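If you want the building blocks of each chain, they are given just below.
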Amino acid sequence: MAAKKTELLSSSMKRNSEWIVSQEIPSDVTVHAGGASFKLHKFPLVSKCGYIRKVVSESSDADLSEIQIPNIPGGAEAFELAAKFCYGINFEMSIENVAMLRCVAEFLEMTEDYAVGNLVARCEAYLNEVALKSLAGAVSILHLSENLLPLAEKVKLISRCIDAVAFIACEESQFSTTGRSDSGIEGVISSMVCQPKTVVDWWAEDLTVLRIDIFQRVLTAMMARGFKQYDLGPILMLYAQKALRGLETLGKGRNKIELHKEHEKRVVLETIVGLLPRERNALSVSFLSMLLRASIFLETTVACRLDLEKRMALQLGQAFLDDLLIPSYSFTGDTLFDVDTVQSIMINYLQYESEGSQYGYQTDDEFVSPLPSDMERIGKLMENYLAEIASDRNLSVAKFIGLAELVPEQSRVTDDGMYRAVDIYLKAHAALTDLERKKVCSLMDCQKLSREACAHAAQNDRLPVQTVVQVLYYEQHRLRDPRNGGFMGGDSPVLPSKLSLCPNDTVSDELSSLKRENQDLKMELVKMKMKLREIERYTNRSAIGSPMSASDKPPLPRKSFINSVSKKLGKLYPFVRADGVTPSNSKTKTRPSKDRRHSIS
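Model, not experiment: these values are computed from the prediction.

Visitor: Give a description of the overall build of the protein that names residues and reports values.
Guide: The helix and strand tally for the protein stands at 26 helices and three strands. Burial statistics for the protein: of 601 residues in total, 43% are counted as buried. Contacts spanning at least 24 positions in sequence make up 72% of the contacts within the protein whose residues lie at least 6 apart. Accessible surface, the protein: about 32000 Å² in total, of which carbon and sulfur atoms supply 54%.

Right, dumping it as structure tokens:
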């Protein structure tokens, strides 16, 4: 580096001597600027540079022979061009050097107060008439101005370039989005299919060279001029793919990167997440998954990570299995994949689906409940995810059950997928106790297994005996009852749910209400467990720096919460009575014990 710098300085001095030696009058002052020395004459410099005029006039030495100019913007190259201008030597002003010339002219005070048509005026004329007329020129000057701060901000070079980029980009986007439909979500989806490259055809890639703070200001100015936030998605994808390049977020473990680079990428990621469009379908789930992996890898703020989890939950129906296989970057020997994050995404989806709330995300249409096909697709997706992580020996029974319980029953036409996940988990965890195996098997509904699954389960020695008996009982009951598909030759007949078998509508309504309360209670318990897990995680992280005293540990739940949960569970007691009789205060009838689903716990 030192040799290269010396070579540059020597070449600068050589160029300086070439146009100075041609002068007949010997030089009377040496100017040191940007690490280089220039032998010049006072008169041409003083006639146009207010800075040098003040230095000469304020000097106590009448024969001042050396002038030091520290921290000159643009370095030796910028001062050389300014000196040439003072001598009247022609040189080409271009987009590559106009920003540097404008800043060095401001620094040297080369204004109209000292000479008509001085360097400041010449630079302004070139900027207004040539450079800022094209988007490529404005972006290039804006990028070069990043190294000239804060002087570039003082002369309003940054703000003028940002305004020029925003104005030209909005004009260009009007031509690329004219064919886009405005008929709500359907129009948005169709426009994504028909016009995959609307605003990123040629000019959006130019913005990726900008620094993240300048890039943010450009997008803000574009939206202020009417640029649709929905169309920011492709621009942000291009910028993120370039700025976050080099992060190995696909494997387990963290590859070490330099601290300053890690900090820069963290700032970039948090800024990009803050700029993401609020509309649904503006970004692909795969891109959101990539941002979420990077967020976990870089340990961004909790708000940033939660925002990405909610965005993925809103578009979970479009996700694929690979989008949910987020690696675990911890070194504690935990699970291979980040199960907690997927559990949080699923909780957000269930809340969104049950409450009909969009968490402040704006759409052009009113709220539309998820279609049954989307619900079934999500159920199949989660079953495949459970089967994928089931072979992980470090996956605890509590985590597996906690995630499996979040899969809605109405999303599962059959329970073959759940049975497959349970079977894989039991095979990979052969050391489970009988009680743990019963809990795992309770996740599937034996009534909703296909005939192929029933035939496999009947010969599966990994299942508890009670589960095998249940499978055989319901399969025999299904074959005997022609109303339920028996003797019809169907491949995977499914018995109606228990609620539809009850002849009393009052009992059906009451059981439905209790079932909803049971689901809500499960959700509350899962969220409480996740909150406690987050507290433990940050407690362990803080304990690395300083030991935590016993008084600093997060408090355990009070007995009042357990009592309230017990009272809530008490309402569900009619489900688990061994004799099949409801409490005495119930006015509803009971079904025969042979139609009741037997417990396997």
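The structure having been displayed, the exposition proceeds.
Visitor: Please provide a residue-by-residue account of the sheet that holds strand S3 (residues 66-69), values included.
Guide: Taken together, the three strands give an open sheet; going across it, the order is S2-S1-S3, and neighbouring strands pair in mixed fashion. Of all the strands in the sheet, just strand S2 (36-40) and S3 have a single pairing partner and so form its edges. Adjacent strand axes in the sheet meet at a mean angle of 20° when their direction is disregarded. The pairing of strand S1 (residues 29-33) with S2 spans five bridges and is classified as antiparallel. Of the residues in S2, the one forming a bridge with alanine 33 is alanine 36.

Visitor: Mind laying out the packing of aromatic side chains, listing which residues take part and the relevant values?
Guide: One pass over the structure, following the stated rule, counts five aromatic pairs. Pairing phenylalanine 215 with tyrosine 239 gives two aromatic rings, centres 4.1 Å apart and planes at 15°, and the pair type is stacked. Of the two residues, phenylalanine 215 is situated in helix H11 (residues 212-224) and tyrosine 239 in helix H12 (residues 232-243); the sequence distance between them amounts to 24 residues. Each member of the pair, phenylalanine 215 as well as tyrosine 239, is classed as buried. Between tyrosine 473 and tyrosine 474, the ring centres sit 5.2 Å apart and the planes meet at 70°, which makes this aromatic pair edge-to-face. Note that arginine 377 overlies the ring of phenylalanine 320, its terminal NZ or CZ placed 5.2 Å from the centroid.

Visitor: Describe the pairing of S1, listing the residues and the values that go with them.
Guide: Burial within S1 is extensive, with four of its five residues counted as buried. Joining the antiparallel neighbours S1 and S2 is a turn of two residues, in which glycine 34 adopts a positive phi near 60°. With four bridges connecting them, S1 and S3 associate as parallel partners. Paired with threonine 30 across the two strands is glutamate 66, which belongs to S3.

Calculation notes
Residues numbered from 1 in each chain as written. Predicted model: local features only at pLDDT ≥ 70, side-chain atom pairs only at ≥ 80, totals over all residues. Heavy atoms only, no water. Helix = DSSP H or I, 4+ residues; strand = E, 2+ residues; numbered from the N terminus. Buried < 20%, exposed > 50% of the residue type's maximum accessible area, 1.4 Å probe, protein only. Contact = heavy atoms within 4.5 Å. Areas by Shrake-Rupley, 256 points an atom, 1.4 Å probe, with all protein chains shown as cover. Pairing = 2+ DSSP bridges. Axes fitted to C-alpha atoms, helices over the stretch in contact; angles between N-to-C directions. Phe/Tyr/Trp six-rings, centres within 6.5 Å; stacked < 30°, edge-to-face > 60°. Lys NZ or Arg CZ within 6 Å of the ring centre and 35° of its normal.

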